[in-house]
Amino acid sequence: MGRKSPASARHFQAAAAIFLAIYPGFVGCKKAAPPPADTAAFKDFVDRAVSAEKIDGYLRYLTAEPHVAASPRNNELARYIAGKWKEFGLEDVTLATYDVLLSFPKTIEVELVSPHSLRLKIEEKGYPEDPDTMNPDVGIPYNAYSRSGDVTAPLIYANGGNPEDYDLLEKRGIDVKGKIALVRYSSPYSYRGFKALTAEKRGLAGLLIYSDPEEDGYVRGSVFPDGPWGPPSHIQRGGIPYDFIYPGDPLTPEWASKPGARRLSPEEAMTLPKILSIPLSAENARPLLESLNGEEAPQDWQGAFPFTYRLSGSRTKVRMRVEMDEPVKTITNVVGSLKGTDDPDEVIVVGNHRDAWVYGGHDPSSGTACLMELARVLGSAKRAGFSPRRTVVLGSWDAEEFTLTGSTEWGEEHKDWLRENLVAYLNVDSSASGRNFSVQGVPSLIPVIHQALREVEDPVEKKPVYDVWKAGTAGEEGVKEEGRVEPIGSGSDHAVFLQHIGAPALDMYFDGDYGVYHSIYDDYYWMTHFGDPGMKYTAALAKIWAHMVIDLGCLPVLPLDYETTARELRAYISEWAATHDPGKEKAAGLLARLEEMEKAAVDVRPYVFDPEKARNIDKDALKRINRLLIGLERDFTDPVGIPNRPWYKHLVFGSRYTYAVLLLPELTEASETADEKGVITAIGNLEKAVAAAIAKLEKISTLF
Ligand SMILES: [Zn+2]
């Protein structure tokens, strides 16, 4: 996982507050020996230490072999990372293992039965200029957690495989029940697991999901090995579990998959699909589409092939055979830490997943290489006398590609401790596929994000990343919107920390043309030729990451911004109220409370963000202030969870059909189903959350 949709995430008009958080020469970080260090010196040390060459070395090693979750190679990489982290000077480096349900293919076959017989070759072509693509050990492309079975049925073409697509087919008199649907990964985009659930609900016999060249192939630009886009045989592997119900091991929702843990039977696991699904390349899909001779598909369903796409075929029949192995296997997270000097009980977690569908050049190994460099420079900074006052924990998560499994199990295992002590979780799923900085995060982290972007230089433009980001970028589709912190959804390892625990979280990367997602071509060759030649942007991201860790880890008062939180929340609620009748009336009380919250946060802000004012706070008061600040984001969770999918506890940031955010999930879902009682409950929960936040902010102002 770890990719946002090719379609843009939802944009909200709420003005992102530009926060001039200036932290000059701040006495925040304790040096092991005098003279006392400050955050500026710490950051300066880090900026000098980050090495693009080192990152390139890590990336080459990490991508030398395919390393799917629980494979011998991925386990070897876990030991390699643990060894390096110890060498770098991290403490408490451990391998955290869990026994979880995984899913691997034994047989994956697709055959055109009529009008003529054709067995599809579901494999990706090798290119001699990139020997990694010639590796015979690369496994069969598949959709993890597909059901096993053998079905033969008429074929239909169903565009993106979303509910509205099947509605259109039904309207045109095509009965979709019992058919095999061929659908596109994008156009319009939805998470593949949502496509599977939709097909299952509609009674289809099977699902074939392919990559149309219009979305990530030759229509976009030159293809691998000459360019970054997907060649005709590239296949997007990927899991299809229903992780919008809950992520993590399908057999242990809400609790960790430790030995002896209670486990559901696979039949009880709500996240396991009951439909067959196979991913195909454009090349595979072409003869299937060509064989359809029924009614023409609508204009916006047409793809890149030079023939008319049709909805059905009078004689087209397809056979799908899927034989899966679903073992419970041991997965391995690597966890290490730098113990805080003054407040070791307050914790910042940074993480990335290690497991890849194949080599994972970009997703995730570029991010893993970035994490390795972060670990190395924090370790050498410590030796040079720079240590954060709070504890920093680093996580190399396993089995993210299956269903965010490693991070979710770890988060579930330590949920009480994390709920109490986690300041923020900073994720880098993948580091760079281009030059456009992109971040999804909660509003309370905006000052920390902006500050890091102001301090780190764009390696090509030679000016702050912040300036390049704010200026927007000219792409083939015109000028991109100026940089802003997008609301955060799911799609990578931040999910458990944000949506289950309720901690501030973000995910960030440098974005660019990337058409080889989850294919064999996402490898070292791709990264060094197209994604980030010279690893300059990955190095910049390592610096940005480190600067955020330093601010969150070292500043005496936690730099969390609840004024922007209140303002953003007001914008979300106002948007909801404007589109629901009588939304304005129902939301009036809540909006008034949010105005109060904003005022209370404004009163506190000078103390939170002004080093001079914060300097005189006594130790006990500081402790209490930071404890209240940590608790604030938690106020926006519902301990019993949102209806129908209680694993998800955040009242503001959720996700559902795509990796993008679903704002106000409880309220949105209640109003979608015209559940008046649900709407009232959801608003009541938000009001309670805001009241709790106001009480904390008022308490904080008495402590300064
Ligand atoms: Zn990923």
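Residues numbered from 1 in each chain as written. Predicted model: local features only at pLDDT ≥ 70, side-chain atom pairs only at ≥ 80, totals over all residues.

A.B. asks: Even after reading the chapter, I still don't get the environment of Gly227, so can you show me in this structure?
C.D. replies: Structurally, the position occupied by Gly227 is in the loop between α6 (213–216) and β9 (238–239). Judged by C-beta crowding, with 16 C-beta atoms within 10 Å, Gly227 ranks as partly exposed. Along the chain, Gly227 and Phe530 lie 303 residues apart, while their C-alpha atoms are 6.9 Å from each other. Not counting the four nearest positions on each side in its chain, Gly227 is found in contact with Gly221, Ser222 and Phe530. (Helix = DSSP H or I, 4+ residues; strand = E, 2+ residues; numbered from the N terminus. Buried ≥ 20, exposed ≤ 12 C-beta atoms within 10 Å, placed from the backbone. Contact = placed C-beta atoms within 7 Å.)

A.B. asks: How should I be thinking about the domain arrangement of the protein in this particular structure?
C.D. replies: A common way to report how large an interface is uses the accessible area buried once the components associate. Domain parsing of the protein yields domain 1 (43–102 + 328–554), domain 2 (104–323) and domain 3 (562–703). Spacing between the C-alpha centres of domain 2 and domain 3 amounts to 39 Å. Facing the nine residues of domain 2 at the interface are seven residues of domain 3. For the side of domain 2 that touches domain 3, the per-class residue count stands at seven nonpolar, one polar and one charged. (Domains from an automatic or database assignment. Nonpolar A, V, L, I, M, F, W, Y, C, P; charged D, E, K, R; others polar.)

A.B. asks: Even after reading the chapter, I still don't get the nonpolar core, so can you show me in this structure?
C.D. replies: Note on soluble globular proteins: their nonpolar side chains tend to be buried together. Core analysis: the biggest nonpolar cluster contains 212 residues, and Ala181, Leu182, Leu207, Leu374, Leu541 and Trp545 have the highest contact counts within it. In terms of residue count, the dominant contributor to this core is helix α16 (residues 536–554) (13 residues). Ignoring sequence-local partners within four residues, the contact set of Leu182 consists of Leu155, Tyr157, Leu208, Tyr210, Ala285, Leu288 and Leu289. (Core = buried A, V, L, I, M, F, W, Y, C linked by C-beta atoms within 7 Å.)

A.B. asks: Sorry, what's going on with the pairing of strand β6 (residues 149–157) here?
C.D. replies: A regular strand places its side chains on the two faces of the sheet in alternate fashion. In terms of strand pairing, β6 meets strand β11 (residues 312–325) through seven bridges, oriented antiparallel. Note that in β11 the partner of Pro154 across the bridge is Lys317. (Pairing = 2+ DSSP bridges.)

A.B. asks: Help me understand unusual backbone geometry, please; the structure alone is not making it clear to me.
C.D. replies: Across residues other than glycine, the phi torsion is negative in most instances, and most of the peptide bonds are trans. The linkage connecting Ser114 with the following residue, Pro115, adopts the cis geometry, with an omega of 10°. Looking at where Pro115 falls in the secondary structure, it is placed in the loop between β3 (104–114) and β4 (118–119). Cis peptide bonds are those with omega within 30 degrees of zero, and the linkage from Asp363 to Pro364 qualifies with 10°. Here Pro364 shows up in helix α8 (residues 361–383). Backbone geometry places Asp92, a non-glycine residue, at a positive phi of 50°. Within the fold, Asp92 resides in strand β2 (residues 91–101).

A.B. asks: Even after reading the chapter, I still don't get the sheet that holds β4, so can you show me in this structure?
C.D. replies: Sheet strands associate in pairs through backbone hydrogen bonding, adopting either a parallel or an antiparallel arrangement. An order of β4-β3-β11-β6-β7-β8-β10 is seen for the seven strands of this open sheet, with the pairing classed as mixed. With one partner strand each, in any of the chains shown, β4 and β10 (276–280) form the two edges of the open sheet. Across the face of the sheet, helix α5 (residues 192–201) comes into contact with β7 (180–184), β8 (206–210) and β10 while running at roughly 150° to β8. (Axes fitted to C-alpha atoms, helices over the stretch in contact; angles between N-to-C directions.)

A.B. asks: Any chance you could explain the sheet that holds strand β12 (residues 328–338) here in plain terms?
C.D. replies: Sheet architecture is open: seven strands sit in the order β2-β12-β15-β13-β16-β20-β17, paired in mixed fashion. Looking at which strands have only one partner, the edges of the open sheet turn out to be β2 and β17 (436–441). In this sheet, adjacent strand axes meet at a mean angle of 20° when their direction is disregarded. Of the pairings in the sheet, the one linking strand β16 (residues 422–427) to strand β20 (residues 505–511) comprises three bridges and is parallel in character. Across the sheet, residue Tyr425 finds its bridge partner in β20, namely Ala505. Against the sheet, helix α3 (residues 72–88) contacts β2, β12 and β15 (390–397), and its axis sits at roughly 10° relative to β12.

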